[in-house]
Amino acid sequence: MMITITITIMSTEAQRFWSQNMNSIDMRRRKFLQSAAGFSAIAMLNAFVPAWARSLQVGRDSSQFDAADPLVFDLAIREHQLEIAGGMGNGMSINNTIPGPLLEWYEGRDVLLNVTNRMTADTSIHWHGILLPFEMDGVPGVTFRGIKPETTFEYRFPVEQSGTYWYHSHSGLQEQSGVYGPLVVHPREPEPLSYDRDYVVMLSDWTFEDPHDVMRNLKKMSDYYNYQQFSLTELYGKGDMSRGEAIRMKLAWDRMRMMATDILDITGATYTYLMNGLHPAGNWTGLFQAGERVRLRFINGSAMSYFNVRIPGLPMTVIAADGQNVQPVETDEFQFGVAETYDVIVEPKGDAAYTIMAEAMDRSGFAAGTLATQPGERAQIPSLRERPLLSMVDMGMDMSGMGMDHMSMSESATAPDQSTGSGAIDHSTMDHSTMNHGALKQGPSVRPMHQGHNMGDMASVGPVIARHSSDNHGPGNISVATVQRDRLGERGTGLAEVDHRVLVYTDLRRLADDFDERPPTREIELHLTGHMERYMWSFDGMQFHEVNGPIEFEYGERLRLTMVNDTMMNHPIHLHGMWMELENGHGAHIPRKHTINMMPAARTSVLISADAQGRWAFHCHLLYHMDMGMFRVVRVS
Amino acid sequence: MTRSICTALMLLGFTPCVLAYEPAGTPPDWDPPMGPKMLFWQVLGDRLETGFDDDVNTYVWDAQAWYGGDRTRAWFKTEGEGEQGKSPESAELQVLYSRLIAPFWDWQIGIRHDFEPNPTRTHFVLGLQGVVPYEFEWDSALFVSDEGDVSARIEAEYDLNITQRWVLQPRFELNAAFSDDPEIRLGDGVISTELGVRLRYHFRREIAPYIGIAWEQLYGDTKTFAKDVGEPSSTTSLVLGIRFWF
């Protein structure tokens, strides 16, 4: 009967998909769950369990829903030497492991988390993506005063959602040192889709350097870790570009005092990329038996790394984004920013082994693991693809005067109202009909389609929907997006030319019919700004310590937050405590997210129901950007 | 700002404001979420080199250091040169207050003292340092000496990556004066230019030995003054040196 209820809230398209897969849950899996889950598993959390010994298998124990008492977890944060990434490193761990233990919560049942600080510095744990009373959100200096050395903080709150999330320290640079872990909340209703195996795949980045040294290096030389810069030798040899084109490109970027290779600030030059705590040689393996369907819960738990994730030979059906179910959509690759999560289902064929390939966005390194029927099996690891370059689109350059006529044509076809306008958008306007909705309401049909074809760089670029005002955000900001594009239909940086399907934000449609139909009564516009050379990061040109106060939301209001990325880098923007509903053109089925990747020069709007009182952090989830000032507090009162 | 006003009023016995850490809106005795504003520093030895000319072997140092926040910094610059085995012929130190005024530009204001040549000079410095389009590192300054003489200096450098570790650096420097100062053998007009090309190899980001060629040319009265004391007015040297920072 519950299954019927689930179906009624799905669209017909989704129904077809689900009904094909409505086999009952595999009994073997049930048996495993009954033995492994519950308090015995919780008791194990305090034991020393090396990361390499854990399978990160998720197990739902339906008896856990009914208990009246809260589910208790004891977590201890320590600083110590540990074996990691093929060496010995100085890390900070939760219960002696990196990542910390997999926490499994149950929708509707309170949790009580005793977090003990066994270090000499203050610490904290933030439950990323979880809606809770703000005092439990775990951001020192915003929602509480942090966890002092040798003290325990009791987090206790009801769990009123389900899905794949994670948790991490919100103190200093501790996240880089290892204070993060996966979090799965089991839904009270049965999962809408059946599968036989359920694994967390948590990706992260590890450095043997002290994170503070990394920060100092970036402050002194912002391209310190970039060993993929343009060099003269490129003129002779590989690459699609002709020599003349390469020289022109180099000069164009030099003229702007920027680098086309500025994809990630911290790279494989210092990072070892980890999959569930294991470097590629450690080969994290998810076991399956022939014919089984496997759910993989991808969590980008890194400090600074975007990943391109693919499983060569296996299409992935994306079923959730940021913990929230979406209408299933099949893809071959997705790029995700720091803190984003995607749940996918794969159906491995036969006894073959498959590589889960997670390439850093700048292709300076990768994390990899295996799906196999036997431990120790491995499939070929694909070689790293050529490093991507930023384009003039990423710079927010106005190319209408550069002879690119097809661009302006496609703009006028999609957004006739404003793309040709010369002035900046009036930020105070309440008439949203002249804003990006002109383009958005037309839905995906007017968007450039990527499926299956190599469309080339320019053909797949989203339409210009606004122009920048004359406010350049002061000396703390290097550049502005002169033209701002709707890039939600675009593939991530470096994937435009990839010859298979790539997930884009417009592919995401929420599954549930729970859209808040109230129109927004107010719009707030924020610009993502920064100064790469100084390594300053900010909103509207102001670093956190320079602003006068929080961004004020009125309790109960429905509002639109429009973000513009004036920098040439991707930034994953995270709002605590409330969902951001990404206005990607799908009406009542726009997806809910806790973290939204802002592509360079993108203009993106989200809807927010300000239904959670308190102070909430709002920031770029690139750890060092946040620490350098790309952080604000939202106050709902 | 509001907070310091509030604190001041509190000290005077008024309690007119609700004190809060402004950016976060938290109670006043809470630590800020990012910790206190961070200060950083860097020392850069741009040129520490020996020059080999036909007649004389020389040495040059040219180093800078800064300390401070993102927008305001204290800058120190020192440079000098001399013949191998002898005390320097010129040696200067600048102490500057530096402020970010445009995305790629710092205004700098401060004092320069020339320890050599003799008699010594102290200058007021007004500088502009930054990056010009096409990615040239730019350092320029106007100097007013304690004798009232006004002079100027422009330095520009460009880093061309040959590989990720081999870097070719053309460098240009121009010195000019708006009045002469015969005591220290400086004429007015363009005093000197320096053109150099240095090829360095980065063992790591911080350490790069280099080899290069530097051509220095004197002009006008300065050239005459140099000839009078038997010094060359034009030198072309092979240079070996090291660039480092920490």
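Residues numbered from 1 in each chain as written. Chains lettered and ligands numbered in written order. Predicted model: local features only at pLDDT ≥ 70, side-chain atom pairs only at ≥ 80, totals over all residues.

Q: Where do I start with the overall build of chain B in this structure?
A: Within chain B, the regular secondary structure consists of 2 helices and 13 strands. For 246 residues, the compact-globule formula gives about 18 Å, and the C-alpha radius of gyration of chain B, at 23 Å, lies well above that figure. Each principal axis of the C-alpha distribution contributes one length, and for chain B these read about 75 × 45 × 35 Å. A total of 246 residues make up chain B; the buried ones form 25% of that total. Excluding contacts between residues fewer than 6 apart, the proportion of contacts in chain B whose partners are at least 24 apart in sequence is 39%. (Helix = DSSP H or I, 4+ residues; strand = E, 2+ residues; numbered from the N terminus. Rg over C-alpha atoms; globule rule 2.2 N^0.38 Å. Buried ≥ 20, exposed ≤ 12 C-beta atoms within 10 Å, placed from the backbone. Contact = placed C-beta atoms within 7 Å.)

Q: Can you walk me through the overall build of chain A in this structure?
A: Along chain A, the regular secondary structure elements total 10 helices and 32 strands. Expressed as a percentage of its 637 residues, the buried residues of chain A come to 54%. Pairs at least 24 residues apart make up 77% of the contacts formed inside chain A by residues separated by at least 6 positions.

Q: Hey, could you run me through the nonpolar core in this one?
A: Side chains that are nonpolar tend, in soluble globular proteins, to be buried together. Leu 203, Met 275, Val 318 and Ala 358 of chain A are the most contacted members of the largest nonpolar core, which has 168 residues in total. Here this core gets 6 residues from one element, more than from any other, and that element is strand β9 (residues 197-207) of chain A. Not counting residues within four places of it along the chain, the set of residues in contact with Leu 203 of chain A comprises Tyr 273, Leu 274, Met 275, Phe 298, Ile 299, Asn 300, Gly 301, Ser 302, Phe 307, Ala 358 and Ala 367 of chain A. One finds Trp 75, Leu 96, Val 125 and Ala 141 of chain B within the second-largest nonpolar core, a separate group that totals 5 residues. (Core = buried A, V, L, I, M, F, W, Y, C linked by C-beta atoms within 7 Å.)

Q: Sorry if this is basic, but what is going on with the interface of chain A and chain B here?
A: Contacts between chain A and chain B engage 38 residues on the former and 32 residues on the latter. Those elements that provide at least two residues to the side of chain A that touches chain B are α6 (211-220), α7 (243-256) and β32 (631-636) of chain A. Tallied by class, the residues present in the side of chain A that touches chain B amount to 16 nonpolar, 11 polar and 11 charged. (Nonpolar A, V, L, I, M, F, W, Y, C, P; charged D, E, K, R; others polar.)

Q: Is there a simple way to explain α6 of chain A in this structure?
A: Three- or four-residue spacings in an α-helix give side chains the same orientation, since the helix completes a turn every 3.6 residues. For α6 of chain A, the set of buried residues is Pro 211, Val 214, Met 215, Leu 218 and Lys 219 of chain A. Projected onto a plane normal to the axis of α6 of chain A, the buried residues spread over an arc of 135° and lie on a single side. The inward-facing, buried residues of α6 of chain A contact α5 (174-177), β9 and α10 (623-627) of chain A together with β1 (40-52) of chain B. (Arc of directions from axis to C-beta.)

Q: Is there a simple way to explain the environment of Pro 70 of chain A in this structure?
A: Residue and element names in this part refer to chain A. When you line up the elements, Pro 70 lands in the loop between α4 (39-44) and β1 (71-84). Along the chain, Pro 70 and Pro 520 lie 450 residues apart, while their C-alpha atoms are 37 Å from each other. If we skip the residues at most four places from it in the chain, Pro 70 touches Arg 109, Asp 110, Val 111, Leu 112 and Arg 156.

Q: What am I meant to see in unusual backbone geometry here?
A: Cis geometry marks the peptide bond from Ile 98 of chain A to Pro 99 of chain A, where omega comes out at -5°. By secondary structure assignment, the location of Pro 99 of chain A is in the loop between β2 (87-94) and β3 (103-106). Of note, the bond from Glu 116 of chain B into Pro 117 of chain B is cis; its omega dihedral lies within 30 degrees of zero at -5°. Mapped onto the elements of the fold, Pro 117 of chain B is located in the loop between β5 (105-116) and β6 (121-132). Backbone geometry places Glu 150 of chain A, a non-glycine residue, at a positive phi of 60°. Mapped onto the secondary structure, Glu 150 of chain A falls in the loop between β5 (126-128) and β6 (152-157). Of the residues examined, Glu 150 of chain A has 10 C-beta atoms within 10 Å and is grouped as exposed. Notably, Asp 322 of chain A is not glycine yet its phi reads approximately 50°, a positive angle. Along the polypeptide, Asp 322 of chain A turns up in the loop between β14 (316-321) and β15 (324-331).

Q: Help me understand the confidence of the model for chain B, please; the structure alone is not making it clear to me.
A: The predicted structure's coordinates, where accompanied by low pLDDT, should not be read in detail. Residue and element names in this part refer to chain B. Across chain B, the average pLDDT comes to 91, with 91% of residues at 70 or higher. In this model residues 15-19 is a low-confidence stretch, pLDDT under 50, and it forms 7 contacts with partners more than four residues away in sequence or in other chains. At the level of chain-chain contacts, confidence expressed as ipTM amounts to 0.91, with global pTM at 0.87. (pLDDT = per-residue confidence, 0-100.)

Q: It is not clear to me how the environment of Arg 485 of chain A should be interpreted in this structure. Could you clarify?
A: Residue and element names in this part refer to chain A. Along the chain, Arg 485 falls in strand β21 (residues 483-485). The class of Arg 485 is buried, set by 29 C-beta atoms lying within 10 Å. Taking the C-alpha atoms as reference points, Arg 485 and Gln 374, separated by 111 residues in sequence, lie 47 Å from one another.

Q: Would you mind showing me how to read the sheet that holds strand β10 (residues 271-275) of chain A here?
A: Strand pairing within a sheet occurs via backbone hydrogen bonds; the two strands may be parallel or antiparallel. Residues and elements named next belong to chain A. Spatially, 6 strands are ordered β10-β9-β12-β17-β14-β15 in an open sheet, and the strand pairing comes out mixed. Where the open sheet ends on each side, the last strands, each with one partner, are β10 and β15. Across the sheet, the mean angle separating the axes of adjacent strands is 20° when strand polarity is ignored. One ladder, built from 6 bridges, connects strand β12 (residues 294-300) with strand β17 (residues 341-346); its direction is antiparallel. The partner of Arg 295 across the bridge, within β17, is Ile 345. (Pairing = 2+ DSSP bridges. Axes fitted to C-alpha atoms, helices over the stretch in contact; angles between N-to-C directions.)

Q: Any chance you could explain the pairing of strand β30 (residues 603-609) of chain A here in plain terms?
A: Each regular strand carries side chains that alternate between the two faces of the sheet. Residues and elements named next belong to chain A. With respect to burial, β30 is a largely interior element, 6 of its 7 residues being buried. In terms of strand pairing, strand β25 (residues 558-565) meets β30 through 7 bridges, oriented antiparallel. In the strand pairing of β30, Thr 562 is matched with Ser 605. Where strand β27 (residues 580-582) meets β30, 2 bridges bridge the pair, whose relative direction is antiparallel.

Q: What is the right way to read the sheet that holds strand β16 (residues 333-336) of chain A from this model?
A: Residue and element names in this part refer to chain A. The 5 strands lie next to each other as β11-β19-β18-β13-β16, forming an open sheet whose pairing is mixed. Both outer strands of the open sheet, β11 (284-287) and β16, are each paired with one neighbouring strand and no more. When the angles between neighbouring strand axes are averaged without regard to direction, this sheet yields 20°. Taken together, the 4 bridges between strand β13 (residues 307-310) and β16 define a ladder with antiparallel strand orientation. By the bridge assignment, Arg 310 is partnered in β16 with Glu 333.

Q: Any chance you could explain the environment of Pro 519 of chain A here in plain terms?
A: Within the element layout of this structure, Pro 519 of chain A appears in the loop between β21 and β22 (522-531). Separated by 39 residues in the primary sequence, Pro 519 of chain A and Arg 558 of chain A have C-alpha atoms spaced 6.9 Å apart.

Q: What is the right way to look at the pairing of strand β26 (residues 571-575) of chain A in this model?
A: Residues and elements named next belong to chain A. Among the 5 residues of β26, 5 are classified as buried, and the element is accordingly described as predominantly covered. By the alternation rule, side chains of β26 split into His 571, Ile 573 and Leu 575 and Pro 572 and His 574, which are all buried. Note that β26 and strand β31 (residues 614-620) share 3 bridges and pair antiparallel. Each bridged residue has a counterpart across the sheet, and for Leu 575 the counterpart in β31 is Phe 618.

Q: Whenever I open this one, the confidence of the model for chain A confuses me. Can you help?
A: All names here are of chain A. Of all residues in chain A, 81% have pLDDT values of 70 or greater, and the mean over the chain is 85. Contacts for the low-pLDDT stretch residues 1-53, under 50 throughout, to residues beyond four places or in other chains number 63 contacts. Segment residues 403-457 is flagged for pLDDT under 50; beyond a separation of four residues in sequence, or across chains, it makes 68 contacts in the model.

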